[in-house]
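So you can see what is in the structure, the chains are spelled out below.
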Amino acid sequence: MTIRVVLADDHPVVRAGLAALLTSLPGIEVVGVASTGREAVREVITSRPDVAVLDLQMPDLDGFAATRELARSAPDTAVLVLTMFEDDDSVFAAMRAGARGYLVKGAEQEEIARAIRAVAAGEAIFGPGVARRVLTFFSAPPPADDPFPDLTTRERQILDLIAAGLSNPAIADRLNLASKTVANNVSTIFTKLGIADRSTAIIQARNAGLGEPNDRR
């Protein structure tokens, strides 16, 4: 059985190299490529592949948002993240968005092939370093008295800066993130907190002790 794959990465050289690699693997067919998140979503909806291999940092629509959209519009397509990022925030945000697998770029050909076949079969799979992070996370005791238990570390960090009065561009500059990434995180924070505006977010965050002016230089 041939596994049909759509590949999305914003770097042309990386995208071409990955496409050539996947095409060379037995039983895998690349049926579409994309350079942005929105292109990836359109390509998946059109091609209906078995697996979508997505980078996280892409223009137009990042990999997290693209994964969430695919979970809604193409639930039969398994998402495998292949990215440079292996921090906890990225790993768990991708999992929450609906990714079934997570690999870090530089993975061996055999590891990529095994991951594609695993997620196509309905399994969850992670690269070795990522797997250790997942196991460590779930083996750690939950934080006590957490006022925002649904927020990731990155989302809490952004909420803290919102409470301190920073705008989205200022937060992006402070955290060295793309403005679109900050905007997507802010939207997710509002959804998780069940609020509709920044003022309410500031009030809730400050009531929980966030937004203190310490070390804001």
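Residues numbered from 1 in each chain as written. Predicted model: local features only at pLDDT ≥ 70, side-chain atom pairs only at ≥ 80, totals over all residues. Heavy atoms only, no water.

(A) Focus on the environment of Ile125. Structurally, Ile125 can be placed in strand β6 (residues 125-126). The spatial distance from the C-alpha of Ile125 to the C-alpha of Arg100 is 6.7 Å, given a sequence separation of 25 residues. (Helix = DSSP H or I, 4+ residues; strand = E, 2+ residues; numbered from the N terminus.)

(B) Fine view of the pattern of salt bridges. This structure, assessed with the given rule, holds five salt bridges. Ionic pairing is found between Asp60 and Arg38, a salt bridge with its closest N-O pair at 3.2 Å. On the criterion of sequence distance, the pair formed by Asp60 in the loop between β3 (51-54) and α3 (63-73) and Arg38 in helix α2 (residues 37-47) is long-range, its members being 22 residues apart. Look at Asp60 and you get partly exposed, because its relative accessible area is 39%. A cluster of three or more residues bridged by salt bridges with shared partners is formed by Asp9, Asp55 and Lys105. (Salt bridge = Lys/Arg side-chain N within 4 Å of Asp/Glu carboxyl O. Buried < 20%, exposed > 50% of the residue type's maximum accessible area, 1.4 Å probe, protein only.)

(C) Representation of the environment of Ala40. By the secondary structure assignment, Ala40 is in helix α2. Spatially, the C-alpha atoms of Ala40 and Gly63 are 9.2 Å apart, while their sequence positions differ by 23 residues. If we skip the residues at most four places from it in the chain, Ala40 touches Ala8, Ala34 and Leu54. (Contact = heavy atoms within 4.5 Å.)

(D) Representation of the packing of helix α7 (residues 153-163) against helix α9 (residues 179-193) within the structure. Where α7 contacts α9, the two axes come as close as 10 Å, and the packing angle between them is 95 degrees. Classed by the angle they form, the pair α7 and α9 counts as roughly perpendicular. Across the interface between the two elements, Arg154, Glu155, Ile158, Leu159 and Ile162 from α7 touch Asn185, Val186, Thr188, Ile189, Lys192 and Leu193 from α9. Across the contact of α7 with α9, the residue classes break down as six nonpolar, two polar and three charged. (Axes fitted to C-alpha atoms, helices over the stretch in contact; angles between N-to-C directions. Parallel < 35°, antiparallel > 145°, perpendicular 65-115°, else oblique. Nonpolar A, V, L, I, M, F, W, Y, C, P; charged D, E, K, R; others polar.)

(E) Highlighting the nonpolar core. Residues Leu54, Leu70, Val81 and Tyr102 are the most contacted members of the largest nonpolar core, which totals 26 residues. Elements that contribute at least two residues to this core include exactly β1 (3-8), α2, β3, α3, β4 (78-83), α4 (88-97) and α6 (128-139). Counting residues in each nonpolar core, the second largest holds 22 residues, with Leu18, Ile28, Ile116 and Ala118 among its members. (Core = buried A, V, L, I, M, F, W, Y, C linked by side-chain atoms within 4.5 Å.)

(F) Seen up close, the pairing of β3. With burial as the criterion, each face of β3 is covered, one bearing Val51 and Val53 and the other bearing Ala52 and Leu54. Alignment of β1 against β3, held across four bridges, turns out to be parallel. When the bridges of β3 are listed, Leu7 appears paired with Val53. By the bridge criterion, four bridges tie β3 to β4 in an arrangement that is parallel. Within the sheet, the bridge partner assigned to Val51 lies in β4 and is Ala78. (Pairing = 2+ DSSP bridges.)

(G) Looking closely at the side chain of Glu155. Inspection of the secondary structure assignment puts Glu155 in helix α7. Contacts of Glu155, omitting those with residues within four sequence positions, involve Asp150, Asn185, Thr188, Ile189 and Lys192.

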